[in-house]
2 protein chains.
Amino acid sequence: MAQIKDVAKQAGVSVASVSRVLAGHAGVSEAIRQRVLEAVRTMDYRPDLAAKRLRSRRTDTIGLIVSDIRNPFFTEVSRAVEDMAYQNRMRVILCNADEDPEKEALYLDLMRDENVSGVILSPSLPTLARFRMSDYPFPVVLVDRCDRETNADAVVLDNVDSAYRLTTHLIEQGYQRIAFIYGTTSATGRQRHEGYVTAMATHGLETLTQAVPATVEAARAAAGELTRGRPLPEALVGSNGLILLGLIEALRAAQLQFPEQIALAGFDDLPWTRLVGPGITVIAQPTYDIGQAAIELLLQRIAHSSQSVRRVVLRGELRERESSRRRRG
Amino acid sequence: MAQIKDVAKQAGVSVASVSRVLAGHAGVSEAIRQRVLEAVRTMDYRPDLAAKRLRSRRTDTIGLIVSDIRNPFFTEVSRAVEDMAYQNRMRVILCNADEDPEKEALYLDLMRDENVSGVILSPSLPTLARFRMSDYPFPVVLVDRCDRETNADAVVLDNVDSAYRLTTHLIEQGYQRIAFIYGTTSATGRQRHEGYVTAMATHGLETLTQAVPATVEAARAAAGELTRGRPLPEALVGSNGLILLGLIEALRAAQLQFPEQIALAGFDDLPWTRLVGPGITVIAQPTYDIGQAAIELLLQRIAHSSQSVRRVVLRGELRERESSRRRRG
DNA sequence: AGTTGATTTGTAATCGATTACATTTTTCTT
DNA sequence: AAGAAAAATGTAATCGATTACAAATCAACT
């Protein structure tokens, strides 16, 4: 394997010149530039990244810590982050923390060991509550989850407002007994719950909620309970894609048709939401944009560590489908 | 930041001893071991990974190159790989090559630069055809795609057989004009096509196939064409999850009910396959197991570079649902 | 031509670990 | 108790780049 000194010898220059040419630094004559480039080409020289990283103290690597890559929301975010990262000659280290604060801490520690340039994190509730930018030797951008109080760069959906609009849509369609099933492990669920509550209150309606761990199974169980209660809710709303899936499974099990017997709506426009039943009304998140915005924010922060804290709030889009069709009678 | 020499000073030993203790090497007295460990603890010493990697020439990193992480099959495989990797104190670098041989080559080059311990790759057809283990300075395990001729460690589904069983199932249910829509960008689609053809031939039936790029859009278009033809096919089979999705969209657009007007079956048991319509018959792949097997194979190969080439073939499971219900008449 | 200042190039220190080899200490043998 | 063999420990070289600093070259202006 050729090293920088071999290239230097071949080109008849010093290693410093080779390094300068390759780093694109100014102050090197065109003649030397050409000779170095030629030598690099003929020898197929590849700088050793380990050496480079040791000496330069930069890794050009970013960490992405999500709860579970299998959640389609994070799949899409991760794809966006990876695309942008490679475009900027950076690497991505991906971790699944499973909403577990201990794993999150573990992986954040690992990021420190890796000396990453920055981290994109979707924190669980406990981690978010404790979060201080200054606790980490690298920039952190929060994604998907963020509190009003949190002082950190972040990219989130307008959760409260989206939930408000979704709930209001159902109310306008003539539904009143609207049940909201939401995940308790993340700030997202809480905020969407808040929007739901506000919308219901605005219209003088009573709320009906179930807080569950954000899993298909938990949502299915909760919805099962709700559908066994009397009077039956007129509509069910799930606070994210996994929960929505659980609701559908419960309706299947209870042999309830939607929207005829019970209306349905939720968050996350997944490939199947318009194919299940007559199509499901959802708030679509601009997932790819969220990922893109997150890494852009991170790259800016890496470049200018002292710039002011920014929060990017993206708007969810209401996609009306048959599952929330106007209530007859 | 504490370095190894600080720890050595604090513990009153040499840097070599510290290194030996931390590496878990034998031949160091219990007394020193304890003193070093104590010093490491009190100083919260973290070895610098860049330095470690430079000197030891090992990165404990593996590369995972898939076509697109948004394909649920690869999402699940990737999760398995990450889980196992972190359990073995290894990092994962994930790349999306979009079925593009050039991008695959690019990322494989990047893996060389990163000096990874090994790579898990799901190659496009051209890359697979050209694949030689000896072209790479690191072990490579193929996943999902592999030819009979390919001489490389690999983990794949029993594609031919699975497709044969799925097709035979439809035939046994009374279907004869069965159309097979398959992806041409990967070996997987071809092999499943082969199983379909064999099953049809065995029963003396004529084949009806459409080869498409493995995307939802292409599959939708192809299915649209098929459903406009007369006589209408009696059943549609998609060679993977994305294609299946495209087929369903096409049936929706053409307002064809399944299985009443046309039966449906495919590959990949995704969260929604039993929720769309009356449930869709599929071959379920043991995706997590596939990922797990791949990294196990890779770790073994890293440990024993000269062991004989292994191929792990996992069996797909036929999940019969209503979309392939027995044909009336 | 000589001096000054700017620009280009080269030499050698440095990043922070691992590890080959040398040295010291311990254990065992006779 | 002396000497040999084995085990433990330490010293210093090494991995392969970047970069601070020194040296050399070049240009411009008296």
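Treat the numbers as computed from the prediction; the structure is a model and nothing was measured.

Points about the interface of chain B and chain A
Argument step 1. At the interface, 46 residues of chain B touch 46 residues of chain A.
Argument step 2. Approximately 4,100 Å² of surface area, both sides summed, lies buried where chain B meets chain A, with 50% of it carried by carbon and sulfur atoms.
Argument step 3. Inspection of the chain B/chain A interface yields 20 salt bridges.
Argument step 4. Close ionic contact of A:Arg46 with B:Asp113 constitutes a salt bridge, the shortest N to O distance being 2.7 Å.
Argument step 5. Inspection of the chain B/chain A interface yields 26 residue pairs in polar contact (both at pLDDT 80 or more).
Argument step 6. Only α4 (49–56), α5 (72–87), β2 (91–96), α6 (101–114) and α11 (241–253) of chain B provide two or more residues apiece to the side of chain B that touches chain A.
Argument step 7. Residue composition of the side of chain B that touches chain A, grouped by class: 21 nonpolar, six polar and 19 charged.

A few points about helix α9 (residues 187–202) of chain A
All names here are of chain A.
Argument step 1. Across its 16 residues, α9 extends 23 Å between first and last C-alpha, which sits within 8% of the 22 Å expected from 1.5 Å per residue.
Argument step 2. All of the buried residues along α9 are Ala-187, Thr-188, Gly-189, Gln-191, Arg-192, His-193, Gly-195, Tyr-196, Ala-199 and Met-200.
Argument step 3. Where α9 is buried, its residues contact α7 (125–130), β5 (153–157), α8 (159–172), β6 (178–183), β7 (208–212) and β9 (263–267).
Argument step 4. At the C-terminal side of α9, Gly-204 shows a positive phi close to 65°.

Concerning the protein's contact with DNA strand D
Argument step 1. Taken together, 25 residues lie around DNA strand D, and A:Ile4, A:Ser19, A:Tyr45, A:Arg55 and B:Arg55 are the ones closest in.
Argument step 2. When atoms of DNA strand D within 4 Å of the protein are sorted by moiety, sugar and phosphate together comprise 62%.
Argument step 3. In the model, a base nitrogen of DNA strand D is placed 2.8 Å from a nitrogen or oxygen of the B:Arg20 side chain.
Argument step 4. Between B:Arg55 and DNA strand D, the recorded distance is 2.7 Å, taken from a side-chain N or O atom to a base oxygen.
Argument step 5. Contributing elements (two or more residues each) for the surface near DNA strand D: α2 (15–23) and α4 (49–56) of chain A together with α2 (15–23) and α4 of chain B.

Brief notes about the sheet that holds strand β9 (residues 263–267) of chain B
Residues and elements named next belong to chain B.
Argument step 1. A sheet is described by the order of its strands in space; here six strands give the open sequence β7-β6-β8-β9-β10-β12, paired in mixed fashion. In this open sheet, the two strands that pair with only one neighbour each are β7 (208–212) and β12 (317–319). Shown here is a sheet whose adjacent strand axes are inclined to one another by a mean of 15°, direction ignored.
Argument step 2. For strand β10 (residues 281–284) and β12, the ladder comprises three bridges, and the chain directions are antiparallel. Along β12, the bridge assignment pairs Ala-284 with Glu-317.

Focus on unusual backbone geometry
Residue and element names in this part refer to chain A.
Argument step 1. Across the junction of Arg-230 and Pro-231, the peptide omega takes the value 0°, indicating a cis bond.
Argument step 2. For Pro-231, the location among the structural elements is in the loop between α10 (216–228) and β8 (235–238).
Argument step 3. Backbone geometry places Asp-44, a non-glycine residue, at a positive phi of 50°.
Argument step 4. Along the chain, Asp-44 turns up in the loop between α3 (30–43) and α4.
Argument step 5. Overall, Asp-44 belongs to the partly exposed group, its relative accessible area being 40%.
Argument step 6. Look at Arg-89: it is not a glycine, yet its phi comes out positive at around 50°.

Quick look at the domain arrangement of chain A
Many analyses report the size of an interface as the accessible area lost when the parts associate.
Argument step 1. The domains assigned to chain A are domain 1 (4–47), domain 2 (61–157 + 287–316) and domain 3 (159–285 + 318–324).
Argument step 2. Centre-to-centre separation of domain 1 of chain A and domain 2 of chain A, based on C-alpha positions: 37 Å.

So, the protein's contact with DNA strand C
Argument step 1. Residues in contact with DNA strand C amount to 25 residues; listed here are only the nearest, A:Arg55, B:Ile4, B:Ser19, B:Tyr45 and B:Arg55.
Argument step 2. Counting only the atoms of DNA strand C that lie within 4 Å of the protein, the sugar and phosphate share comes to 61%.
Argument step 3. Within the side chain of A:Arg20, a nitrogen or oxygen atom sits 2.8 Å from a base nitrogen of DNA strand C.
Argument step 4. Contacts to DNA strand C include B:Tyr45, whose side-chain N or O atom sits 2.7 Å from a sugar or linking oxygen.
Argument step 5. At the level of secondary structure, the elements contributing two or more residues to the surface near DNA strand C comprise α2 and α4 of chain A together with α2 and α4 of chain B.
Argument step 6. For the surface near DNA strand C, the per-class residue count stands at 12 nonpolar, six polar and seven charged.

Looking at the relation of the copies chain B and chain A
Argument step 1. Between the two copies, chain B and chain A, the superposition gives an RMSD of 0.0 Å; the rotation angle is 180° and the shift along the axis is 0.0 Å. In symmetry terms, the pair is related by a two-fold rotation axis. No C-alpha of chain B approaches the rotation axis more nearly than that of B:Val276, which lies at 2.3 Å.
Argument step 2. Taken as a fraction of all interface residues of chain B, those also at the interface in chain A reach 100%, which identifies the copy contact as same-surface.

Some points on the packing of helix α10 (residues 216–228) of chain B against α11(B)
Residues and elements named next belong to chain B.
Argument step 1. For the pair α10 and α11, interaxial distance at closest approach is 7 Å and the crossing angle is 45°. By the criterion of interaxial angle, the relationship of α10 to α11 is oblique. The crossing of α10 and α11 is right-handed. Contacts between α10 and α11 involve Val-216, Ala-219, Arg-220, Ala-223, Gly-224 and Thr-227 from the former and Leu-242, Ile-243, Leu-245, Gly-246, Leu-247, Glu-249, Ala-250 and Leu-251 from the latter.
Argument step 2. Its residues placed into classes, the contact of α10 with α11 shows nine nonpolar, three polar and two charged.

Brief notes about the packing of aromatic side chains
Argument step 1. Overall, the coordinates contain 12 aromatic pairs over all chains when judged by the stated rule.
Argument step 2. Ring centres of A:Phe73 and A:Phe74 lie 5.1 Å apart, and the angle between their planes is 80°; on these two criteria the pair is classed as edge-to-face. The residues A:Phe73 and A:Phe74 share a single accessibility class, namely buried.
Argument step 3. With centroids separated by 5.9 Å and ring planes inclined at 25°, the aromatic side chains of B:Tyr136 and B:Phe138 adopt a geometry described as stacked.
Argument step 4. Residue class for B:Tyr136 comes out partly exposed when judged on its relative accessible area of 21%.
Argument step 5. An aromatic cluster is defined as three or more aromatic residues linked by ring pairs; in this entry it consists of A:Phe131, A:Tyr136 and A:Phe138.
Argument step 6. The residue whose ring lies beneath A:Arg192 is A:Phe267, and the NZ or CZ to ring-centre distance is 4.2 Å.

Rules of the game
- Residues numbered from 1 in each chain as written.
- Chains lettered and ligands numbered in written order.
- Predicted model: local features only at pLDDT ≥ 70, side-chain atom pairs only at ≥ 80, totals over all residues.
- Heavy atoms only, no water.
- Contact = heavy atoms within 4.5 Å.
- Buried area = accessible area lost by both parts, 1.4 Å probe.
- Salt bridge = Lys/Arg side-chain N within 4 Å of Asp/Glu carboxyl O.
- Polar contact = N/O pair within 3.5 Å; in protein donor to acceptor, adjacent residues only side chain to side chain.
- Helix = DSSP H or I, 4+ residues; strand = E, 2+ residues; numbered from the N terminus.
- Nonpolar A, V, L, I, M, F, W, Y, C, P; charged D, E, K, R; others polar.
- Expected span 1.5 Å × (residues − 1).
- Buried < 20%, exposed > 50% of the residue type's maximum accessible area, 1.4 Å probe, protein only.
- Near = heavy atom within 4 Å.
- Pairing = 2+ DSSP bridges.
- Axes fitted to C-alpha atoms, helices over the stretch in contact; angles between N-to-C directions.
- Domains from an automatic or database assignment.
- Least-squares fit on C-alpha atoms with pLDDT ≥ 70 in both.
- Parallel < 35°, antiparallel > 145°, perpendicular 65-115°, else oblique.
- Left-handed = near helix turned anticlockwise from the far one by under 90°.
- Phe/Tyr/Trp six-rings, centres within 6.5 Å; stacked < 30°, edge-to-face > 60°.
- Lys NZ or Arg CZ within 6 Å of the ring centre and 35° of its normal.

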